[in-house]
Amino acid sequence: MNYPLGIDISAYQFSSDGKRKPNFDIINAKCEFVAVRAGISWGYQDKWFRYSWDSLTVPRMAYHVIYPGESAASQMQHFLNIVRPTATDRLVLDMELDHGQGKAKITDTLIKCLEYVREHTGRYPIVYSRAGWINQFVDVSQLPEVDWWLAHYLKALPYPQFTPEKTPPPLLPRGVTKWLIHQTCEKGNGAEYGVASYYVDLDRWNGTSDDIVAYFGLIGHPEPEPAIEEKVNKLWDAHPELH
């Protein structure tokens, strides 16, 4: 099966001084979908989110890094305030951090985040993570039916080599029977996909190009609708380990 390709990006795909930016002509030509980091927890907004978001003409997803010990409502309110999603945008909860919280607390925070987004947008967000982390920190049996974006890579080659993609499917967490997106590589060739960073994450969609169009509700919508920019105060800087 020829799984359609996408990438996920954040401020790390820009140069630190912002002078070198991704070439969105290349990104829109080579990718069938793109995910952009919106922010982290309840106070940080990715400084290049709006620029990236408004530069995309392919189906777009916004992802938000969850702090499991913080208020779910505050985090999701911040997320939605950043993105202001249209009917053809899709949202993602990035579940990678435990911050010393236990399985019950992390599961509870995730459920509250899922329900908040569904209440305010009419649909559950996608959950991004990896099988090992979910098995350790989330009780999948307590979750509603959600779509999964799962990271699973080959062993990384040393710099300056690029690591090939892992062939789908990804390893599934216990209790999960299907996947939507496989993040196949975190050390893809950034220049090939138009970003300013040396490496870029690569992703594969479990379906066809037509499936992507249908999932995003883009039939009759040739491109995402641009949103009006608002300034959002950032209370802390992103951590280097987050992407």
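A few points on the structure.

Reading the values: rules and limits
- Residues numbered from 1 in each chain as written.
- Predicted model: local features only at pLDDT ≥ 70, side-chain atom pairs only at ≥ 80, totals over all residues.
- Heavy atoms only, no water.
- Core = buried A, V, L, I, M, F, W, Y, C linked by side-chain atoms within 4.5 Å.
- Buried < 20%, exposed > 50% of the residue type's maximum accessible area, 1.4 Å probe, protein only.
- Contact = heavy atoms within 4.5 Å.
- Helix = DSSP H or I, 4+ residues; strand = E, 2+ residues; numbered from the N terminus.
- Pairing = 2+ DSSP bridges.
- Right-handed = clockwise from strand over helix to strand, strands pointing away.
- Phe/Tyr/Trp six-rings, centres within 6.5 Å; stacked < 30°, edge-to-face > 60°.
- Lys NZ or Arg CZ within 6 Å of the ring centre and 35° of its normal.

## Focus on the nonpolar core
No. 1: In this structure, I7, V34 and V83 are the most contacted members of the largest nonpolar core, which totals 48 residues.
No. 2: When sequence neighbours within four positions are dropped, the list of residues in contact with I7 reads I27, C31, F33, V34, A35, Y193, V195, V200, D201, L202 and D203.
No. 3: Among the nonpolar cores identified, the runner-up in size contains 16 residues, and M61, I126, I181 and I212 belong to it.

## Topic: the pairing of strand 1 (residues 5-9)
The two faces of the sheet receive side chains in turn, since in a regular strand these alternate between them.
No. 1: For strand 1, the buried fraction is high: 5 of the 5 residues fall into the buried class.
No. 2: Judged by which residues are buried, strand 1 turns out to be covered on both faces: L5, I7 and I9 on one side and G6 and D8 on the other are all buried.
No. 3: Where strand 1 meets strand 9 (residues 199-205), 4 bridges bridge the pair, whose relative direction is antiparallel. Of the residues in strand 9, the one forming a bridge with D8 is D201.
No. 4: Note: strand 1 against strand 2 (residues 33-40), 4 bridges, orientation parallel. Note on strand 2: the bridge partner recorded for D8 is A35.
No. 5: What joins strand 1 to strand 2 is helix 1 (residues 24-30), and the crossover it makes is right-handed.

## Describing unusual backbone geometry
No. 1: A cis amide bond links Y159 to the next residue, P160, at an omega of 10 degrees.
No. 2: With omega at 10 degrees, the peptide bond leading from P168 into P169 counts as cis.
No. 3: Here P169 is to be found in the loop between strand 7 (148-151) and strand 8 (181-189).
No. 4: In this structure, R84 takes a positive phi of about 45 degrees despite not being glycine.
No. 5: For R84, a relative accessible area of 23% corresponds to the partly exposed category.
No. 6: Despite not being glycine, H99 has its phi angle at roughly 50 degrees, a positive value.
No. 7: The residue H99 is located in the loop between strand 5 (90-94) and helix 4 (103-121) in this model.
No. 8: A residue is classified by how much of its surface remains accessible, and H99, at 43% relative accessible area, is partly exposed.

## Focus on the packing of aromatic side chains
No. 1: Per the counting criterion, the structure on display carries 18 aromatic pairs.
No. 2: Where F33 meets W205, the ring centres are 5.2 Å apart and the plane angle is 65 degrees; that geometry is what we call edge-to-face. Taken together, the residues F33 in strand 2 and W205 in strand 9 connect sequence positions 172 residues apart.
No. 3: Taking relative accessible area as the criterion, F33 reaches 1% and is therefore assigned buried.
No. 4: A residue is classified by how much of its surface remains accessible, and W205, at 2% relative accessible area, is buried.
No. 5: Its guanidinium or amino end placed over the ring of Y215, R90 lies 6.0 Å from that ring's centre, counting from NZ or CZ.
No. 6: Cation over ring: R123 sits above Y215, and NZ or CZ is 5.4 Å from the ring centre.

Note that every value here comes from positions in space, so none of it alone points to a role or purpose.
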